[in-house]
Amino acid sequence: MRCPGCSALDDKVVDSRASDDASAIRRRRECLSCGHRFTTFERVDEAPLVVVKTTGERQAFDRDKVVAGVLAAAKNRPVTLPQIDALATGVEDALRRRGGDVESTRIGLAVLERLRGLDEVAYLRFASVYKDFTGVDDFADELRLLLKEPDGSTPVEPG
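This one's a predicted model, so the numbers in the text were calculated from it and none came from an experiment. (Residues numbered from 1 in each chain as written. Predicted model: local features only at pLDDT ≥ 70, side-chain atom pairs only at ≥ 80, totals over all residues. Heavy atoms only, no water.)

This part takes up the confidence of the model for the chain. The predicted coordinates of low-pLDDT regions are not to be read in fine detail. When the pLDDT values of the chain are averaged, the result is 88; 93% of them are 70 or greater. Per-element confidence in the chain is highest for helix α1 (residues 63-73), whose mean pLDDT is 95, and lowest for helix α5 (residues 136-147), whose mean pLDDT is 90. Across residues 155-159 the pLDDT falls below 50, and counting only partners more than four positions away or on other chains, this stretch makes three contacts in the model. (pLDDT = per-residue confidence, 0-100. Helix = DSSP H or I, 4+ residues; strand = E, 2+ residues; numbered from the N terminus. Contact = heavy atoms within 4.5 Å.)

Structure follows, in structure tokens:
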């Protein structure tokens, strides 16, 4: 690390701690040449996440697009901005753990998977755009899928 006071390269770390949001390590350093103290921050440099569209076009992952899509689907629903933010973070984290390029269809499925547990109406709205519904039959089919239990069975109505 180059000293901002004298440009010397020799220093020692006096103190280390996590930053306020724990996204970086804050280090206090002291130059061994001039004694000047300064602060540095160490952050992880993440590799860019590349989305491969159905057309073959490649572009950088844009988390804001996920948030905007979920916001539109959850309009006038009891879904909070922190819940939407957590959903988008969950999707991005899952995609980053997979590594490499990611198909745009996988992003849509990851959003749907998380929306299903958050709000069923928002799920159907998002599915209608993502799956390109053309009529009421598409909604009915998706609703049947939504109503199925995780084991594949259909819940029995109380009689």
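Using the criterion set out here, one finds twelve salt bridges in the structure. R63 is paired through a salt bridge with E92; the nearest N and O atoms lie 3.6 Å apart. Here R63, found in helix α1, pairs with E92, found in helix α2 (residues 81-98); they are 29 residues apart in sequence, far enough to count as distant. The exposure class of E92 is buried, given its relative accessible area of 15%. Its salt-bridge partner being K131, residue E142 comes within 2.9 Å of it at the nearest N-O pair. (Salt bridge = Lys/Arg side-chain N within 4 Å of Asp/Glu carboxyl O. Buried < 20%, exposed > 50% of the residue type's maximum accessible area, 1.4 Å probe, protein only.)

The geometry of α2 relative to helix α3 (residues 104-118) is characterised by a closest axis approach of 10 Å and an angle of 140° between their N-to-C directions. The orientation of α2 relative to α3 falls into the category oblique. Every pair of crossing elements has a handedness; the one defined by α2 and α3 is right-handed. For the pair formed by α2 and α3, the contact residues are Q83, L87, G90, V91, A94, L95 and R98 on the first element and R106, I107, A110, V111, R114, L115 and L118 on the second. Residue classes in the contact of α2 with α3 are distributed as nine nonpolar, two polar and three charged. (Axes fitted to C-alpha atoms, helices over the stretch in contact; angles between N-to-C directions. Parallel < 35°, antiparallel > 145°, perpendicular 65-115°, else oblique. Left-handed = near helix turned anticlockwise from the far one by under 90°. Nonpolar A, V, L, I, M, F, W, Y, C, P; charged D, E, K, R; others polar.)

What follows is about the pairing of strand β1 (residues 11-18). Two faces make up the sheet, and in a regular strand the side chains alternate between them. Across seven bridges, β1 lies against strand β2 (residues 24-31) in antiparallel orientation. Of the residues in β2, the one forming a bridge with R17 is R26. Between β1 and the antiparallel strand that follows it, β2, lie five residues; A22 among them carries a positive phi value of about 60°. (Pairing = 2+ DSSP bridges.)

This part is about the state of the cysteines. In protein structure, a disulfide is the covalent linkage between the sulfur atoms of two cysteines. One pass over the structure, following the stated rule, counts zero disulfides. Unpaired in terms of disulfides, C3 finds its nearest cysteine sulfur in C34, a separation of 3.8 Å. Just so you know, C31 is unpaired, no disulfide at all, and the nearest cysteine sulfur is the one on C6, 3.6 Å from it. (Disulfide = S-S within 2.5 Å.)

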